[in-house]
Amino acid sequence: MEKEKQLKQNVFDAAIKYYNAVHKDKKGFTPGDKIVYAGRIFDEKEIVNLIDSALDFWLTTGPYTEKFEKNFAKFLHIKYCSLTNSGSSANLLAFMALTSYKLGERRIKKEDEVITVAAGFPTTVAPIIQYGAIPVFIDVTLPTYNIDVDKLEKAYTKKTKAVMIAHTLGNPFDLKAVKDFCDKYQLWLIEDNCDALGSQYKYNGEWKYTGTIGDIGTSSFYPPHHMTMGEGGAVYTNNTQLYRIVNSFRDWGRDCWCASGYDNTCSKRFSQKFGELPLGYDHKYVYSHLGFNLKITDMQAAVGCAQLAKLPEFIEKRRENWQTLKNELKALENELILPEPTYNSKPSWFGFLITVKNDADFTRDELVKYLEEHNIQTRMLFAGNLIKHPCFDEMRKNNKGFRIVDELKNTDEIMNRTFWIGVYPGMTDKKLNCMADCIKEVVKNE
């Protein structure tokens, strides 16, 4: 055992040397160098964890997965966390859990309606359509870029079963208004928290992390996000029944809730009756849902454990970088709409949104082109207006499969006039100032 421990340490020491020689940033920034909108921030600890997991060769979910789920739930002050292989899978699992027959009359059935927005990422909406439910699209407000809560009542019908929306680029939506609406009609609330990990909202007088106020929250650990595992995601909840259902759909649809590598946790493995199966059929092979295999590998979770320790620092740096850009660009508010945090919130920003005003002497596309030509990465607010994309062509043609409340005026404005730049922890003051200066040059020259 001691020999194995020493051999491991030798591997770790060599990996740390490699990190210092190859990955450690030793290069300063010079204007003209590429400024990426986001990226992974890591050190030797992630590499050592990754190698430790690889040497143990526990390839599927294992000890690091269990450790991350426990510590992540503790960070969010929530009971349960289930790791999965991506944020998109997290959204799929969160939605599918609400279709379970175990929820009785509250389950979402085909043709039921789910309120959402079109100004966001497609996998917030995709599970609704893939299952056969109906997304009901509400416009958003500027400059928060979140759902217009004044239209919730107009969106409601007797077929409404849930609200599934994201906190846009880290800015919480009006959780009090949305949660009150959901409670009034006994609707489920899924918080897509993939772009907002670490954001907080003051709910009933108490600061809570976004993703923990609704029935289910989701996170993504793709490299540009607040922390990374390369790929990876999480579903979290305080509801024991929903937790079990999420894990069932994630793990092939099985009824058994034993952790990977464990047997007979319930002590009833061969003594129960399910459906038309014979009495005592092995509970490990009883399926209560038509599920998926969306588990994560322990190697990814190992990276996540090291990243989680850095998360508070990452969150604070994102807030500082966002505020730097806000201060630098404040003088341009005659031409640009700058983002504003939602009332009663402390955003953990994913990016800095900018909308070019209608009466500006330049367009969004001209400003974006100038930034890209100066090696500054930009991004659209994802789909802009999801309904305008080819994936909706057939539904638009047949006028079937979705519903719009009033018009999506601001959503279209976002599609035509909005973009964002990065605030991730790898940004330095020099990079932030360079981005601000380039934007100022366009405004000044026009």
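Residues numbered from 1 in each chain as written. Predicted model: local features only at pLDDT ≥ 70, side-chain atom pairs only at ≥ 80, totals over all residues. Heavy atoms only, no water.

**Regarding the overall build of the protein**
In plain terms, the rule: A run of H or I in DSSP counts as a helix once it spans at least four residues, and a run of E counts as a strand once it spans at least two, with each numbered from the N terminus. Put simply, the radius of gyration uses C-alpha atoms, and a globule should come to 2.2 Å times the residue count raised to 0.38. For each residue, the accessible area found with a 1.4 Å probe, counting protein chains only, is set against the maximum for its type, and the residue is called buried under 20%, exposed over 50%, and partly exposed in between. Pairs of residues are marked as contacts when any of their non-hydrogen atoms sit within 4.5 Å. Methods summary: accessible areas were calculated by the Shrake-Rupley approach with a probe of 1.4 Å, and residue burial reflects only the protein chains presented.
When helices and strands are counted, the protein shows 13 helices and 16 strands. For 446 residues, the compact-globule formula gives about 22 Å, and the C-alpha radius of gyration of the protein, at 23 Å, lands near that figure. Referenced to the eigenvectors of the C-alpha coordinate spread, the extents of the protein come out at roughly 80 × 65 × 45 Å. In the protein, which comprises 446 residues, the proportion classed as buried is 53%. Considering only intrachain contacts with a sequence separation of at least 6, the fraction spanning at least 24 residues in the protein is 73%. Carbon and sulfur atoms form 51% of the exposed surface of the protein, whose accessible area is close to 20,900 Å².

**Notes on a nonpolar patch on the surface**
Put simply, the test is: Within the patch definition used here, like charges are joined within 9 Å and nonpolar side chains (Val, Leu, Ile, Met, Phe, Trp, Tyr) within 5 Å, considering only residues with over 30% relative accessible area and no salt bridge. Any carboxyl oxygen of Asp or Glu within 4 Å of a side-chain nitrogen of Lys or Arg constitutes a salt bridge here.
On the surface, Trp252, Tyr281, Tyr285 and Tyr287 cluster together to form a nonpolar patch covering roughly 480 Å² of accessible area. Among the secondary structure elements, Trp252 is positioned in the loop between helix H8 (240-250) and helix H9 (298-329). Taking relative accessible area as the criterion, Trp252 reaches 44% and is therefore assigned partly exposed.

**Describing the state of the cysteines**
For the record, the criterion: What counts as a disulfide here is a pair of cysteine sulfur atoms lying within 2.5 Å.
The final tally for this structure, using the stated rule, is zero disulfides. For the unlinked cysteine Cys81, the closest cysteine sulfur is that of Cys305, found at 10 Å. Overall, Cys81 belongs to the buried group, its relative accessible area being 4%. Here Cys256 is not cross-linked by a disulfide; its sulfur's nearest cysteine counterpart is in Cys258, at 3.6 Å.

**Digging into empty space enclosed by the protein**
Just so we agree on the cut-off: The rule is simple: put a 1 Å grid over the protein atoms alone, call a set of points where a 1.4 Å probe fits but cannot get out a cavity, call an open set with protein on both sides within 12 Å along at least five of seven lines a pocket, and count a residue as lining if it has an atom within 4 Å of a point. Grid points are joined across faces, edges and corners, and a volume is the space filled by probe spheres set on the points. In this classification, Asp, Glu, Lys and Arg are treated as charged, Ala, Val, Leu, Ile, Met, Phe, Trp, Tyr, Cys and Pro as nonpolar, and every other residue, Gly included, as polar.
By the definition in use, this model includes two cavities of 30 Å³ or more. In this model, the largest cavity occupies a volume close to 50 Å³. Forming the walls of the largest cavity are Gly39, Arg40, Ile41, Pro223, His225, His226, Met227, Thr228, Gln307, Phe314, Arg318 and Pro425. Partitioning the lining of the largest cavity into residue classes produces five nonpolar, five polar and two charged. By volume, the second largest cavity amounts to about 30 Å³. Taken together, Cys256, Cys258, Asn264, Thr265, Cys266, Arg269, His283 and Lys284 make up the full set of residues lining the second largest cavity. Residue composition of the lining of the second largest cavity, grouped by class: three nonpolar, three polar and two charged.

**Let's talk about the environment of Glu153**
You can see Glu153 is positioned in helix H6 (residues 152-155). Look at Glu153 and you get partly exposed, because its relative accessible area is 40%. Counting along the chain gives 28 residues from Glu153 to Phe181, while the straight-line C-alpha distance between them is 7.9 Å.

**Some points on the packing of helix H4 (residues 87-97) against H8**
Spelled out, the test is: Every angle, taken between N-to-C directions, lies between 0 and 180 degrees, and every axis is a line fitted to C-alpha atoms, over only the stretch in contact when it is a helix. Working rule for angles: under 35 degrees goes down as roughly parallel, over 145 as roughly antiparallel, 65 to 115 as roughly perpendicular, anything else as oblique. Should the near helix be turned anticlockwise from the far one by less than a right angle, the crossing is termed left-handed; should it be turned clockwise, right-handed.
Relative orientation of the contacting elements H4 and H8 amounts to 120°, with a least axis distance of 9 Å. Here H4 lies oblique to H8, going by the angle between them. Relative to H8, the crossing made by H4 is right-handed. On H8, the residues touching Leu93, Met96 and Ala97 of H4 are Ile245, Val246, Phe249 and Arg250.

**A short note on the layout of surface pockets**
In this model, the largest pocket occupies a volume close to 960 Å³. Along its surface, the largest pocket is lined by 39 residues, and Arg250, Trp257, Cys258, Ala259 and Ser260 are the ones closest to its centre. Every element with two or more residues in the lining of the largest pocket is listed here: helix H3 (63-76), strand E1 (80-84) and H8. Here the lining of the largest pocket gets seven residues from one element, more than from any other, and that element is H8. Across the lining of the largest pocket, the residue classes break down as 15 nonpolar, eleven polar and 13 charged. The computed volume of the second largest pocket comes to approximately 830 Å³.

**Describing the sheet that holds strand E14 (residues 351-356)**
Spelled out, the test is: For two strands to be treated as a pair, DSSP must find no fewer than two bridges joining them.
With respect to topology, three strands assemble into an open sheet ordered E12-E14-E16, the strand pairing being antiparallel. Edge positions in the open sheet fall to strand E12 (336-337) and strand E16 (418-422), since each of these has one partner strand only. When E14 meets E16, the two strands line up antiparallel, connected through five bridges. Within E16, the residue paired with Thr355 across the bridge is Thr418. The strands that H9 touches are E14 and E16; relative to E14, the one it contacts most, it runs at about 25°. Each of E14 and E16 touches helix H12 (residues 409-417); the most contacted strand, E16, lies at about 60° to it.

**Overview of the packing of aromatic side chains**
Counted only if it meets this: Pairing of aromatic rings covers Phe, Tyr and the six-membered ring of Trp, with a centre-to-centre limit of 6.5 Å; geometry is then stacked below 30 degrees between planes, edge-to-face above 60, and tilted otherwise. By the criterion adopted, a ring carries a charge over it if an Arg CZ or a Lys NZ lies within 6 Å of its centre and within 35 degrees of its normal.
Under the counting rule described, the total for this entry stands at 21 aromatic pairs. Ring geometry for Tyr19 against Phe42: centres 6.1 Å apart, planes inclined by 65°, an arrangement best described as edge-to-face. In this pair, Tyr19 is assigned in helix H1 (residues 2-23) and Phe42 in the loop between H1 and helix H2 (44-56), connecting sequence segments 23 residues apart. Judged by relative accessible area, Tyr19 falls into the buried class, the value being 7%. Overall, Phe42 belongs to the partly exposed group, its relative accessible area being 23%. Ring centres of Tyr156 and Phe181 lie 6.3 Å apart, and the angle between their planes is 85°; this geometry places the pair in the edge-to-face category. Separated by 25 residues along the polypeptide, Tyr156 in the loop between H6 and strand E6 (160-166) and Phe181 in helix H7 (residues 175-185) bring together distant segments of the chain. Taking relative accessible area as the criterion, Tyr156 reaches 25% and is therefore assigned partly exposed. Aromatic ring contacts, followed pair by pair, group Tyr37, Phe121, Phe350, Phe382 and Trp420 into a single cluster. In this arrangement the basic side chain of Lys110 is found over the ring face of Tyr131, its NZ or CZ atom lying 4.2 Å from the centre. Residue placement shows Lys346 over the ring face of Trp207; its charged tip is 4.4 Å from the ring centre.

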